[in-house]
Amino acid sequence: MAIIVAGKLLIRLGSRDEFIEKSRESILLARENEACLDFSVSPDPIDMNRVNIFEKWESHSELNAFRESGPENNMFSLVESFDVNEYEINT
């Protein structure tokens, strides 16, 4: 079993690039984590205020451990709304 985290974030007007830049540290840390199978934060090519996220983890416990240990950089103050879900998949 693996965990997929996928969805979209709507970012405060004019702040998308700042959000992407603030995401870099989390992306690097996640990709260095052996339990992380994929991690991406990407600007939407059509909506200038949207960021798409995709994560794949070996388990909920590994995902939660990463979330609890991640960097603090106040990047979520740039988020106006989000629609992100977790899915369990059989591998």
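The model shown is predicted, which means the values in this text are computed figures rather than measured ones.

What follows deals with helix 1 (residues 16-32). Counted at 1.5 Å a residue, the expected span for helix 1 with its 17 residues is 24 Å, and the 24 Å between its end C-alpha atoms agrees. R24 marks where helix 1 bends most, by close to 35 degrees. Within the sequence span of helix 1, burial applies to R16, F19, I20, S23, S26, I27 and A30. Along its buried surface, helix 1 packs onto strand 1 (2-11), strand 2 (36-43), strand 3 (50-57), helix 2 (60-69) and strand 4 (79-89).

Quick look at the environment of E58 now. Examined against the element boundaries, E58 turns out to sit in the loop between strand 3 and helix 2. Along the primary structure E58 and I4 are separated by 54 residues, whereas in three dimensions their C-alpha atoms are 9.0 Å apart. Filtering out sequence-adjacent residues up to four positions away, E58 remains in contact with M1, A2, E34, A35 and L37.

With that out of the way, let us pick up the layout of surface pockets. By volume, the largest pocket amounts to about 560 Å³. For the largest pocket, the lining is made up of 22 residues, of which S26, E55, R67, M75 and F76 are closest to its centre. Elements that contribute at least two residues to the lining of the largest pocket include exactly strand 1, helix 1, strand 2, strand 3, helix 2 and strand 4. Within the lining of the largest pocket, the residues separate by chemical class into 13 nonpolar, 6 polar and 3 charged.

What follows concerns the nonpolar core. Core analysis: the biggest nonpolar cluster contains 20 residues, and I11, F19, F39, V41, V51 and W57 have the highest contact counts within it. Among all residues touching F39, those that are not within four sequence positions of it are S26, I27, A30, R31, F54, E55, W57 and F66.

Taken as a whole and judged by the stated rule, the model has 3 aromatic pairs. Judged by centre distance (6.0 Å) and plane angle (75 degrees), the ring pair of F19 and F76 falls under edge-to-face. Highlighted residues: F19 in helix 1 and F76 in the loop between helix 2 and strand 4, separated in sequence by 57 residues. Taking 5.1 Å as the distance between ring centres and 35 degrees as the angle between the ring planes, the aromatic pair formed by W57 and F66 counts as tilted. We classify F66 as buried; its relative accessible area is 11%. Members of the aromatic cluster, each reached through a chain of ring pairs, are F39, W57 and F66.

We now examine the sheet that holds strand 4. Overall, antiparallel pairing links the 4 strands, which are arranged 2-3-1-4 in an open sheet. Each edge of the open sheet carries a strand with a single partner, namely strand 2 and strand 4. Taking each pair of neighbouring strands and ignoring which way they run, the sheet shows an average axis angle of 10 degrees. As judged from the 10 bridges shared by strand 1 and strand 4, these two strands associate in the antiparallel manner. The partner of I3 across the bridge, within strand 4, is E88.

Rules behind the numbers
Residues numbered from 1 in each chain as written. Predicted model: local features only at pLDDT ≥ 70, side-chain atom pairs only at ≥ 80, totals over all residues. Heavy atoms only, no water. Helix = DSSP H or I, 4+ residues; strand = E, 2+ residues; numbered from the N terminus. Expected span 1.5 Å × (residues − 1). Bend = angle between axes of the 7 residues up to and from the residue. Buried < 20%, exposed > 50% of the residue type's maximum accessible area, 1.4 Å probe, protein only. Contact = heavy atoms within 4.5 Å. 1 Å grid on protein atoms, 1.4 Å probe; cavity = no way out; pocket = protein on both sides within 12 Å on 5 of 7 lines; lining within 4 Å. Points joined across faces, edges and corners; volume = space filled by probe spheres on them. Nonpolar A, V, L, I, M, F, W, Y, C, P; charged D, E, K, R; others polar. Core = buried A, V, L, I, M, F, W, Y, C linked by side-chain atoms within 4.5 Å. Phe/Tyr/Trp six-rings, centres within 6.5 Å; stacked < 30°, edge-to-face > 60°. Pairing = 2+ DSSP bridges. Axes fitted to C-alpha atoms, helices over the stretch in contact; angles between N-to-C directions.

Function cannot be read off these values alone, since they describe shape.
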